[in-house]
Amino acid sequence: MARTREFDTEAAVARAMELFWTRGYEATSVRDLTAHLGIGQGSLYAAFGDKDGLYRAALEHYRATLAAAALRSLDEGADARSAIRTMLVERIRIAVDHGGRGCLLVNAACERLPGDPATGRLVRDVLSASQEALTDALRAAAERGELAPRHDPYTLAAYLVTFLNGLLVSSKITPDARTLEPLVEVALAALD
């Protein structure tokens, strides 16, 4: 008779995400994961296949929660500049939290690429979604007259995603929002 799973896999993925985010993939052992999650190795392997499977589930969870929330915030601003500022500042605040752990997806790109194609696909998908959402916001801004016609929304969006990724790496070096937030205004000057 098969045993039923005795733990909440969604809660386990969320907790694993926090551990991977704080320690990184390589520095997190299966033993660390089972201790942190309060489950046995057999349960981890039965639910996720292996450490890589749990890591990918944690990255997907990050994508569906924090990354998705950042993109939704683009729709909440009164104007494109305010919405983009809010999104960038919020990402800084999340990245400097807990001593400067950065962004889980950017950390994954720095730690796992180019050798991990599955992680590479996921990171590229999230970056593409970010660029698409920013492009849409900037196109709408151009239609409302908030953006000069000389600007290409797609190129500006690519710049902002690249800026944000660099900023998120910098948050690990200088985990101080007061130091990083003024850089957002410099990046937003590209919209002038």
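Residues numbered from 1 in each chain as written. Predicted model: local features only at pLDDT ≥ 70, side-chain atom pairs only at ≥ 80, totals over all residues. Heavy atoms only, no water.

Caption draft 1: Looking closely at the overall build of the protein chain. Counting secondary structure elements, the protein chain contains nine helices and zero strands. C-alpha atoms of the protein chain, sized along the principal axes, occupy 65 × 35 × 30 Å. Of all 192 residues assigned to the protein chain, the portion counted as buried reaches 43%. Nonlocal contacts in the protein chain, meaning residues at least 24 apart in sequence, comprise 67% of its contacts between residues at least 6 apart. When the accessible surface of the protein chain is split by element, carbon and sulfur atoms take 53% of a total near 10,000 Å². Side-chain charges in the protein chain split into 22 positive and 26 negative, and the spacing between the mean points of these groups amounts to 4 Å. (Helix = DSSP H or I, 4+ residues; strand = E, 2+ residues; numbered from the N terminus. Buried < 20%, exposed > 50% of the residue type's maximum accessible area, 1.4 Å probe, protein only. Contact = heavy atoms within 4.5 Å. Areas by Shrake-Rupley, 256 points an atom, 1.4 Å probe, with all protein chains shown as cover. Lys, Arg positive; Asp, Glu negative; His and termini not counted. Charge placed at Lys NZ, Arg CZ, Asp CG, Glu CD.)

Caption draft 2: Just the side chain of Thr34, in detail. Structurally, Thr34 is set in helix H2 (residues 30-37). Setting aside anything within four residues of it in sequence, one finds Thr34 in contact with Ile39, Gly40, Gln41 and Leu44.

Caption draft 3: Here's a closer look at helix H1 (residues 9-23). Taking 1.5 Å as the rise per residue, H1 with 15 residues should run 21 Å; its terminal C-alpha atoms sit 21 Å apart, in good agreement. Listed as buried for H1 are Ala12, Val13, Ala16, Met17, Leu19, Phe20 and Trp21. At its buried positions, H1 is contacted by H2, helix H3 (41-48), helix H4 (51-72), helix H5 (80-100) and helix H6 (104-112). A distance of 3.0 Å separates the backbone nitrogen of Glu10 from a side-chain oxygen at the start of H1, and that oxygen is part of Asp8. Of the residues flanking the end of H1, it is Gly24, one or two places downstream, whose phi is positive at about 90°. (Expected span 1.5 Å × (residues − 1). Polar contact = N/O pair within 3.5 Å; in protein donor to acceptor, adjacent residues only side chain to side chain.)

Caption draft 4: Inspection of the environment of Leu160 at higher detail. Mapping Leu160 onto the fold places it in helix H8 (residues 153-173). You can call Leu160 buried: its relative accessible area is 2%. For the pair formed by Leu160 and Leu88, sequence separation is 72 residues and the distance between their alpha carbons is 9.1 Å.

Caption draft 5: Main features of the environment of Ala47. Relative to the elements of secondary structure, Ala47 occurs in helix H3. Looking at Ala47, the relative accessible area reads 23%, which means it is partly exposed. Separated by 67 residues in sequence, Ala47 and Pro114 place their C-alpha atoms 27 Å apart.

Caption draft 6: Here's a closer look at the nonpolar core. One finds Phe20, Leu54, Ile84, Leu105, Leu134 and Leu138 to be the most contacted residues of the largest nonpolar core, which totals 58 residues. Looking at this core element by element, the count peaks at nine residues for H5. In this view, Phe20 contacts Tyr25, Thr28, Leu33, Lys51, Leu54, Tyr55, Ala58 and Leu104; residues no more than four positions away in its chain are not counted. (Core = buried A, V, L, I, M, F, W, Y, C linked by side-chain atoms within 4.5 Å.)

Caption draft 7: Broad picture of the pattern of salt bridges. Scanning all chains against the criterion turns up eleven salt bridges. Linking Glu60 and Arg63 is a salt bridge whose minimum nitrogen-to-oxygen distance equals 3.2 Å. One end of the pair is Glu60 and the other is Arg63, both in helix H4 and three residues apart, which spans about a single turn. Each of Glu26, Arg112 and Asp116 takes part in one network of salt bridges that share partners. (Salt bridge = Lys/Arg side-chain N within 4 Å of Asp/Glu carboxyl O.)

Caption draft 8: How the structure looks around the environment of Gln41. When you line up the elements, Gln41 lands in helix H3. On a C-alpha basis, the gap between Gln41 and Arg72 in space is 37 Å, while along the polypeptide they are 31 residues apart. If sequence neighbours within four positions are ignored, Gln41 has contacts with Val30 and Thr34.

Caption draft 9: Main features of the packing of H2 against H3. The N-to-C vectors of H2 and H3 enclose an angle of 95°; their axes lie 9 Å apart at closest approach. Relative to H3, H2 is oriented roughly perpendicular. Counting all contacts with H2, which are made through Val30, Leu33 and Thr34, the residues of H3 involved are Gln41, Leu44 and Tyr45. Tallied by class, residues from the contact of H2 with H3 come to four nonpolar, two polar and no charged. (Axes fitted to C-alpha atoms, helices over the stretch in contact; angles between N-to-C directions. Parallel < 35°, antiparallel > 145°, perpendicular 65-115°, else oblique. Nonpolar A, V, L, I, M, F, W, Y, C, P; charged D, E, K, R; others polar.)

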